[in-house]
Amino acid sequence: MNITLEHLYAVTDPAGSEPFAGVTADLVQPLFPGAPLANIAANLPLVLDALAAARLTDTPMLLAALATIRAETAAFLPLTEAASRFNTMPGGVPFALYDHRTDLGNQGPPDGATFRGRGFVQLTGRANYSRYGMRLSLPLLDNPALAAQPWPAARILAAFLCDRADAIRAALAQNDLARARRLVNGGSNGLDHFAAVYSAGLSVLA
């Protein structure tokens, strides 16, 4: 199926049509233990509208989106990555381990901190900020913090999943949740939460 980039990504009004009838905050809340209902009520409609704009309206991709949010931002809020052993040497400059990550497109300090993980999918690295900024007409290189704002974060999540949709669907069809998680995260971080939401969500949405 050929879909233009304009159709997929040039969405400016999150109040459009609603193909996810019945997918409410109350329905989704049991999948996010500890997340305030107010967070889900505020952000779920933005995520659903972004998925609809990208035509990711099938149950596997909806659940992949929700499972990704649970694995990355358990409170159902787009987050900004904190310093940790994965990005900072003990006693070192925060995010310095990212500064020279050429696989992320970073070009040295302060790229590590500037283009740290943000959003529902934890967009990371200069290259990703550039790519999704251009595709979504968002000034992410000049204003990286936009990636942690709810509506841009929802659009980035949908675009990120759309780029990998065929492979994610194939993995989910084989119940290979670890592979589906790797396609988004690049590893197994958060796999337990991802798998829990996906498996429970099949019953909830049914």
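Residues numbered from 1 in each chain as written. Predicted model: local features only at pLDDT ≥ 70, side-chain atom pairs only at ≥ 80, totals over all residues. Heavy atoms only, no water.

Caption draft 1: Region of the structure containing the overall build of the protein chain. The helix and strand tally for the protein chain stands at 11 helices and 2 strands. Ordering the α and β elements of the protein chain from the N terminus gives α-α-α-α-β-α-α-β-α-α-α-α-α. Here the C-alpha atoms of the protein chain give a radius of gyration of 17 Å, agreeing with the 17 Å that 2.2 N^0.38 yields for 206 residues. For the protein chain, the C-alpha atoms occupy an extent of roughly 50 × 35 × 35 Å along the three principal directions. For the protein chain, the residues scored as buried account for 47% of the 206 residues in total. Nonlocal contacts in the protein chain, meaning residues at least 24 apart in sequence, comprise 59% of its contacts between residues at least 6 apart. Counting only carbon and sulfur atoms, one obtains 56% of the accessible surface of the protein chain, whose full area is about 9600 Å². Of note, the protein chain has its 15 positive side-chain charges centred 5 Å away from the centre of its 16 negative side-chain charges. (Helix = DSSP H or I, 4+ residues; strand = E, 2+ residues; numbered from the N terminus. Rg over C-alpha atoms; globule rule 2.2 N^0.38 Å. Buried < 20%, exposed > 50% of the residue type's maximum accessible area, 1.4 Å probe, protein only. Contact = heavy atoms within 4.5 Å. Areas by Shrake-Rupley, 256 points an atom, 1.4 Å probe, with all protein chains shown as cover. Lys, Arg positive; Asp, Glu negative; His and termini not counted. Charge placed at Lys NZ, Arg CZ, Asp CG, Glu CD.)

Caption draft 2: Examining the pattern of salt bridges more closely. A full pass over the atoms with the stated rule returns 8 salt bridges. The residue D163 makes a salt bridge to R131 at a minimum N-O spacing of 3.3 Å. Taken as a pair, D163 in helix α8 (residues 150-163) and R131 in helix α7 (residues 126-136) lie far apart in primary sequence, 32 residues in all. The exposure class assigned to R131 is partly exposed, which follows from its relative accessible area of 38%. Measuring nitrogen to oxygen at the nearest pair gives 2.7 Å for the salt bridge that ties R135 to D163. Residue R135 is located in helix α7, and its partner D163 is located in helix α8; the two are separated by 28 residues in the primary sequence. The class for R135 is partly exposed, based on a relative accessible area of 21%. Here the residues in one salt-bridge network are D58, D166 and R169, joined through shared partners. (Salt bridge = Lys/Arg side-chain N within 4 Å of Asp/Glu carboxyl O.)

Caption draft 3: Region of the structure containing the confidence of the model for the protein chain. Of all residues in the protein chain, 91% attain a pLDDT of 70 or more, and the chain-wide mean is 91. Low pLDDT, under 50, characterises residues 1-16; the stretch is placed with 26 contacts to residues that sit more than four places away or in other chains. (pLDDT = per-residue confidence, 0-100.)

Caption draft 4: View of empty space enclosed by the protein. Within this structure, the stated rule accounts for 2 cavities of 30 Å³ or more. Computed from the structure, the second largest cavity encloses a volume of approximately 30 Å³. Contributing to the lining of the second largest cavity are L27, V28, L31, L63, L66, G201, V204 and L205. At the level of elements, α2 (25-28), α4 (59-72) and α11 (191-205) are the ones that each hand at least two residues to the lining of the second largest cavity. Taken together, the residues of the lining of the second largest cavity sort by class into 7 nonpolar, 1 polar and no charged. (1 Å grid on protein atoms, 1.4 Å probe; cavity = no way out; pocket = protein on both sides within 12 Å on 5 of 7 lines; lining within 4 Å. Points joined across faces, edges and corners; volume = space filled by probe spheres on them. Nonpolar A, V, L, I, M, F, W, Y, C, P; charged D, E, K, R; others polar.)

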